[in-house]
Amino acid sequence: MKRAKILILGAGYGGLSTAVNLQKKLNANDADITLINKNDYHYESTWLHEAAAGTLSPEDVRYDIKSVLNGDRVQFVQAAVTGIDVNARKVTTDKGEHTYDYLVIGLGFEGETFGIEGLDKYALSIANVGAARQIREHIEYQFAMWSQDEVKDDSRLTIVVGGAGFTGIEFLGELGNRVPELCKEFDVPQEKVRVLCVEAAPMVLPGFDPELVDYAVRHLESKGIEFSIGTPVVQATPEGVKIKTGEESFDFVKAGTVVWAAGVRGNRLIETSGIENMRARVKVEKDMRAPGFPDVFIVGDCALMINEEVNRPYPPTAQIAMQQAETIAENLIALLKNEDTHAFVPQLKGSVCSLGEHDAIGDVMGRKITGTKASIMKKIIDNRALYMIGGAPLVMKKGKFNLL
Ligand code: FAD
């Protein structure tokens, strides 16, 4: 077996799982494996809505990357990647340059604002731990200011969430629990608070079973959350958002907080890497390699794969990112042994969307579940993701056990 240099960018679900799979399957002398990540911690992106709402501390959603790596097999470098050049086989970071024989790009997602005026500047996005902390602190600041102001501006207490997809709905579920706590903490009458979800599409949670969607909407409405569906946000300003409510009619919603959760794209570094891409996502070959670059693999949200059954891309999920990582590790080992690579075949087990701490909806292995059952299933899925990367010790340290 040839001793090759494998460089992995990003320690999210995709990148970190690739590293962990390789360290399990390769000996120390088989390859030089380097993992580069901007922070020295991994965060559970699928828990960020909880940190953003303030129902979970930012500390709880992250863990030390080195704690799950075997230092003899994988070298960890904390650095921010600043450029990728696949033609020159070179990666630049704020701490220096790296070359590679094989590259795995797993730099994750960024919020997509679809060019809507002002969103980049005035809306917050649940993109990483720092951004989640910023949203939490921003909402708390608005409540604190309302309490202190002599002339009360109730719009401080309006939270607009753009997007009724998975992230938007999960965030609203947490807000449903968090708002009563905030009201108590900051002496705010709850009827002054307005939480409004604005969605451009004519439906909530596209792709979910209509009965489950109905359950989710009723549950959130029972917590006082309002929905404005089929009404695109057309502009964000420092005061709030402008919404298109009809052919020629618009509404302006004054809001102290606007959180944009209506779409993701791949990491912008893909766009200047030399690899063909669509909104920073690479339509990968069947074995997860970048077209035209047999030494480059793409994992997670930077990869685009078409589900041929429905002729649409698979949604970017942690579930798929971790499965891709397993295939990529196997294919890297195959290449080191001069063997053939194999195709990635997603094993879709369904999905569960949380609606706050003890409620959820799910479609798991073809079975529809709601309420406590679905919420317990969600926590089992969360704990399983920890187990796959860090085994039982990580589950004991970071797992979710407040099942009821
Ligand atoms: P990420 O997990 O985003 O990791 C990317 C890594 O790259 C990060 O560590 C980041 O710090 C690092 N990085 C980025 N830029 C640089 C740089 N320039 N230099 C160095 N390092 C860098 N999916 C599900 O399957 N189930 C769910 O229930 C679910 N819920 C979600 C809830 C929320 C609120 C959100 C936001 C997403 C959710 N998802 C869910 C989607 C899931 O989180 C993503 O699909 C998944 O995180 C993609 O994994 P990844 O490895 O591609 O990227």
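Residues numbered from 1 in each chain as written. Predicted model: local features only at pLDDT ≥ 70, side-chain atom pairs only at ≥ 80, totals over all residues. Heavy atoms only, no water.

Looking at the overall build of the chain
Right, on to step 1. Check the secondary structure of the chain and you find 8 helices and 28 strands.
Right, on to step 2. Considered along the principal axes of its C-alpha atoms, the chain spans approximately 70 × 45 × 45 Å.
Right, on to step 3. With 404 residues in all, the chain has 54% of them scored as buried.
Right, on to step 4. In the chain, once contacts between residues fewer than 6 apart in sequence are set aside, the share between residues at least 24 apart is 65%.
Right, on to step 5. Counting only carbon and sulfur atoms, one obtains 49% of the accessible surface of the chain, whose full area is about 18600 Å².
Right, on to step 6. Taking the average location of the 45 positive side-chain charges in the chain and that of its 55 negative ones, the two points are 3 Å from each other. (Helix = DSSP H or I, 4+ residues; strand = E, 2+ residues; numbered from the N terminus. Buried < 20%, exposed > 50% of the residue type's maximum accessible area, 1.4 Å probe, protein only. Contact = heavy atoms within 4.5 Å. Areas by Shrake-Rupley, 256 points an atom, 1.4 Å probe, with all protein chains shown as cover. Lys, Arg positive; Asp, Glu negative; His and termini not counted. Charge placed at Lys NZ, Arg CZ, Asp CG, Glu CD.)

Brief notes about unusual backbone geometry
Most peptide bonds take the trans form, and the phi angle of most residues other than glycine is negative.
Right, on to step 1. Of note, Leu 205 is a non-glycine position whose phi angle comes to about 45°, a positive value.
Right, on to step 2. Here Leu 205 is to be found in the loop between β13 (194–199) and α6 (210–222).
Right, on to step 3. Look at Asn 311: it is not a glycine, yet its phi comes out positive at around 55°.
Right, on to step 4. Structurally, the position occupied by Asn 311 is in the loop between β24 (306–307) and β25 (312–313).

Here we look at the domain arrangement of the chain
Size of an interface, as often reported, equals the accessible area lost when the parts are brought together.
Right, on to step 1. The domains assigned to the chain are domain 1 (4–111 + 265–348) and domain 2 (119–262).
Right, on to step 2. Each of domain 1 and domain 2 was reduced to a C-alpha centroid, and the two centroids are 32 Å apart.
Right, on to step 3. For the pairing of domain 1 and domain 2, the buried interface totals around 1400 Å² over both sides, and the portion due to carbon and sulfur atoms is 65%.
Right, on to step 4. Contact with domain 2 buries area across many residues of domain 1, yet His 49, Ala 52 and Ala 53 alone supply 37% of it, more than any other trio.
Right, on to step 5. Inspection of the region where domain 1 meets domain 2 yields 0 salt bridges.
Right, on to step 6. The interface formed by domain 1 and domain 2 contains 3 residue pairs in polar contact (both at pLDDT 80 or more).
Right, on to step 7. Mapped by element, the contributors of at least two residues to the side of domain 1 that touches domain 2 are β3 (41–43), α2 (48–53) and β10 (109–111). (Domains from an automatic or database assignment. Buried area = accessible area lost by both parts, 1.4 Å probe. Salt bridge = Lys/Arg side-chain N within 4 Å of Asp/Glu carboxyl O. Polar contact = N/O pair within 3.5 Å; in protein donor to acceptor, adjacent residues only side chain to side chain.)

So, the sheet that holds strand β17 (residues 250–254)
Right, on to step 1. A sheet is described by the order of its strands in space; here 3 strands give the open sequence β15-β16-β17, paired in antiparallel fashion. Looking along the sheet, the strands with just one partner apiece sit at the ends: β15 (233–237) and β17. Ignoring which end each strand starts from, the neighbouring axes of this sheet average 20° apart.
Right, on to step 2. Relative to strand β16 (residues 240–244), β15 runs antiparallel, the two sharing 4 bridges. Note that in β16 the partner of Thr 237 across the bridge is Gly 240. (Pairing = 2+ DSSP bridges. Axes fitted to C-alpha atoms, helices over the stretch in contact; angles between N-to-C directions.)

Let's talk about the environment of Arg 133
Right, on to step 1. Position of Arg 133 relative to the elements: it lies in helix α4 (residues 129–148).
Right, on to step 2. The class of Arg 133 is partly exposed, set by a relative accessible area of 31%.
Right, on to step 3. Distance from Arg 133 to Ile 225, taken between C-alpha atoms, is 22 Å for residues 92 residues apart in sequence.
Right, on to step 4. If we skip the residues at most four places from it in the chain, Arg 133 touches Pro 58 and Arg 62.

Re the pattern of salt bridges
Right, on to step 1. Counted according to the given criterion, the structure contains 24 salt bridges.
Right, on to step 2. Residues Arg 62 and Glu 59 are paired through a salt bridge, measuring 2.8 Å at the closest nitrogen-oxygen approach.
Right, on to step 3. Overall, Arg 62 belongs to the buried group, its relative accessible area being 17%.
Right, on to step 4. Looking at Glu 59, the relative accessible area reads 45%, which means it is partly exposed.
Right, on to step 5. A network of salt bridges, in which partner residues are shared, links Arg 136, Glu 140, Arg 178, Glu 181 and Glu 185.

Describing the packing of α4 against helix α5 (residues 166–186)
Right, on to step 1. Contact geometry for α4 and α5: axes closest at 11 Å, N-to-C directions at 35°. In this structure, α4 meets α5 at a crossing whose hand is right-handed. Every residue of α5 that contacts α4 at Ile 135, Ile 139, Glu 140, Phe 143, Ala 144 and Ser 147 is listed here: Phe 171, Leu 175, Arg 178, Leu 182, Cys 183 and Phe 186.
Right, on to step 2. Tallied by class, residues from the contact of α4 with α5 come to 9 nonpolar, 1 polar and 2 charged. (Left-handed = near helix turned anticlockwise from the far one by under 90°. Nonpolar A, V, L, I, M, F, W, Y, C, P; charged D, E, K, R; others polar.)

Concerning the environment of Arg 62
Right, on to step 1. Take Arg 62: it is sitting in strand β4 (residues 62–64).
Right, on to step 2. C-alpha separation for the pair Arg 62 and Leu 48, spaced 14 residues apart in sequence, amounts to 9.7 Å.
Right, on to step 3. At 2.8 Å, the side chain of Arg 62 forms a polar contact with the side chain of Glu 59.

Description of the packing of aromatic side chains
Right, on to step 1. Counted by the stated rule, this structure contains 3 aromatic pairs.
Right, on to step 2. Taken together, a centroid distance of 6.4 Å and an interplanar angle of 55° make the contact between Tyr 41 and Tyr 43 tilted.
Right, on to step 3. The positively charged end of Lys 152 is found above the aromatic ring belonging to Trp 146, 4.7 Å away from the centroid.
Right, on to step 4. Between the NZ or CZ atom of Lys 400 and the centre of the ring of Trp 47, over which it lies, the distance is 4.2 Å. (Phe/Tyr/Trp six-rings, centres within 6.5 Å; stacked < 30°, edge-to-face > 60°. Lys NZ or Arg CZ within 6 Å of the ring centre and 35° of its normal.)

Thoughts on the site of the ligand
Right, on to step 1. Near the ligand you find 33 residues, and of these Gly 14, Val 81, Asp 301, Ala 318 and Lys 378 are the closest.
Right, on to step 2. Contact distances for the ligand include 2.8 Å between a nitrogen atom and a backbone N or O atom of Val 81.
Right, on to step 3. Mapped onto the shell around the ligand, the elements with two or more residues apiece are α1 (13–25), α5 and α7 (318–336).
Right, on to step 4. Class assignment of the residues belonging to the shell around the ligand gives a composition of 14 nonpolar, 15 polar and 4 charged.
Right, on to step 5. Residues from two domains meet in the shell around the ligand; each of domain 1 (4–111 + 265–348) and domain 2 (119–262) gives at least three. (Near = heavy atom within 4 Å.)

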